[in-house]
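Topology and contacts: notes
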Amino acid sequence: MKCVIMANGEYGRIDLYHHLFSSADLVLCADGGANYAFAMGVVPSMIIGDLDSIRPEVREYFTAKQVEMRKYPRRKDYTDTQLALSIANRFDADEIVLLGTLGKRLDHTLANIFSSLELARQGIKIMHYSPECVVYLVTKNIVFKGCQGDIVSVLTLSEEAQGVYEKGFEYQVEDIVMNLENPYGISNELTGKSGEVSVKKGVLAVFHYPQEISSPFTE
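Keep in mind it's a predicted model, so treat the numbers as computed, not measured. (Residues numbered from 1 in each chain as written. Predicted model: local features only at pLDDT ≥ 70, side-chain atom pairs only at ≥ 80, totals over all residues. Heavy atoms only, no water.)

Quick look at the domain arrangement of the protein chain now. In terms of domains, the protein chain is made up of domain 1 (2–131) and domain 2 (141–209). A straight line from the C-alpha centre of domain 1 to that of domain 2 covers 27 Å. (Domains from an automatic or database assignment.)

What follows is the structure in structure tokens.
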């Protein structure tokens, strides 16, 4: 079950996202993410949140399309993105791509990444996608496609990550320990068309800056 979650963040050129939806089984919009779905011509499976950021014409359009809208109180303990992640989990999604979760608001970006940690620990493939950067959350291993010279940074999201390997990079890494306070896994480069990152214990964030746009769904 492949799921796309559209948050109400920064997207840039919306024409660079169309390739994502053909292989998605489920599309969820977190509140104002519905505005971007409307602009892209995408009809979501569900819209979730306090629904205060959806433009009136967008809400009217998706109501006519009989899109389910789950409304939550504005004052709540969870963000709309967290609520969407919870719904994706209930649908047994095993691969989730989040859009509009990376941007200039560093606090929002970090909150979105941290919000997906729990599902990553459950073995669900988590990716935060933009055309300029894809952030993979890794608890075991991942192989992703790219181009020679693509910049890739690896950081630990846990206090310590043990048994970290990086293959297919200029700087090969074998069975090392990464600590939260020493982020030395910055700005490595792919030497070919794919890279592999694995960890025995802990959670890694792999930041991939691709030179070419491709689908973020992994094999």
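Turning our attention to the nonpolar core. Ranked by size, the top nonpolar core spans 40 residues in total, and within it Met6, Phe21, Leu99, Phe144 and Leu204 carry the most contacts. Once residues lying within four places of it in the same chain are set aside, the contact partners of Leu99 are Val4, Ile5, Met6, Ala7, Tyr11, Tyr17, Leu20, Phe21 and Tyr129. Residues Leu83, Leu85, Ile87 and Ile126 belong to the second largest nonpolar core, which totals 29 residues. (Core = buried A, V, L, I, M, F, W, Y, C linked by side-chain atoms within 4.5 Å. Buried < 20%, exposed > 50% of the residue type's maximum accessible area, 1.4 Å probe, protein only. Contact = heavy atoms within 4.5 Å.)

Next up on the list: the environment of Lys167. Looking at the secondary structure, you find Lys167 in strand β10 (residues 160–167). Taking the C-alpha atoms as reference, Lys167 lies 6.5 Å from Val197; in sequence the two are 30 residues apart. In contact with Lys167, not counting residues within four places along its chain, are Gln172, Gly195 and Glu196. (Helix = DSSP H or I, 4+ residues; strand = E, 2+ residues; numbered from the N terminus.)

This chain's UniProt record puts "domain: Thiamin pyrophosphokinase thiamin-binding" (unreviewed entry) on residues 139–205. Between the first and last C-alpha atoms of residues 139–205 the distance is 9 Å; the span itself is 0% helix and 52% strand. (UniProt positions renumbered as here; feature names shortened; annotations may be inferred.)

Of the positions making up helix α4 (residues 106–115), those classed as buried are Thr109, Asn112, Ile113 and Ser115. Within α4, the buried residues cover an arc of 165 degrees as seen down the axis, which keeps them to one side. Where α4 is buried, its residues meet α3 (80–90), α5 (117–121), β6 (125–129) and β7 (134–138). (Arc of directions from axis to C-beta.)

Right, let's get into the sheet that holds strand β9 (residues 151–156). As summarised here, the arrangement of the ten strands in space is β4-β3-β2-β1-β5-β6-β7-β14-β9-β12, forming an open sheet in which the pairing is mixed. The sheet is open, and its two borders are formed by β4 (68–71) and β12 (188–189), each paired with just one other strand. By the bridge criterion, two bridges tie β9 to β12 in an arrangement that is antiparallel. Residue Ile151 lies in a different strand from β12, and its bridge partner there is Glu189. (Pairing = 2+ DSSP bridges.)

We now examine the sheet that holds β10. If you walk across this open sheet you meet the four strands as β8-β13-β10-β11, and the pairing is antiparallel. Each edge of the sheet is formed by a strand with only one pairing partner; in this case those strands are β8 (141–145) and β11 (173–179). Strand-to-strand twist across the sheet, computed as the mean angle between neighbouring axes with direction ignored, equals 25 degrees. In the sheet, β10 pairs with strand β13 (residues 194–198) via three bridges, with the strands oriented antiparallel. Bridge pairing in β13 links Glu166 to Val197. (Axes fitted to C-alpha atoms, helices over the stretch in contact; angles between N-to-C directions.)

One can expect most non-glycine residues to show negative phi and most peptide bonds to be in trans. At Asp92, a position not held by glycine, the phi torsion is positive, near 65 degrees. The residue Asp92 is located in the loop between α3 and β5 (95–99) in this model. Exposure remark for Asp92: the relative accessible area of 61% places this residue in the exposed category. One non-glycine residue, Ser187, lies in positive phi territory at about 60 degrees. Tracing the backbone through its elements, the reader meets Ser187 in the loop between β11 and β12. The exposure class of Ser187 is partly exposed, given its relative accessible area of 44%.

If you walk through the whole model with that rule in mind, you get eight aromatic pairs. Ring geometry for Phe144 and Phe169: centres 6.5 Å apart, planes at 50 degrees, overall tilted. Pair noted here: Phe144 is in strand β8 and Phe169 is in the loop between β10 and β11, with a separation of 25 residues, a long-range link. An aromatic cluster is present here, built from Tyr11, Tyr17, Tyr36 and Tyr129 joined pairwise through their rings. (Phe/Tyr/Trp six-rings, centres within 6.5 Å; stacked < 30°, edge-to-face > 60°.)

What follows concerns the pattern of salt bridges. For the structure on display, the rule yields five salt bridges. For Asp175, the salt bridge identified is with Lys200, shortest N-O distance 3.8 Å. Taken together, the positions of Asp175 in strand β11 and Lys200 in the loop between β13 and β14 (204–209) put the pair 25 residues apart, joining distant regions of the chain. Given a relative accessible area of 60%, Lys200 falls into the exposed group. (Salt bridge = Lys/Arg side-chain N within 4 Å of Asp/Glu carboxyl O.)

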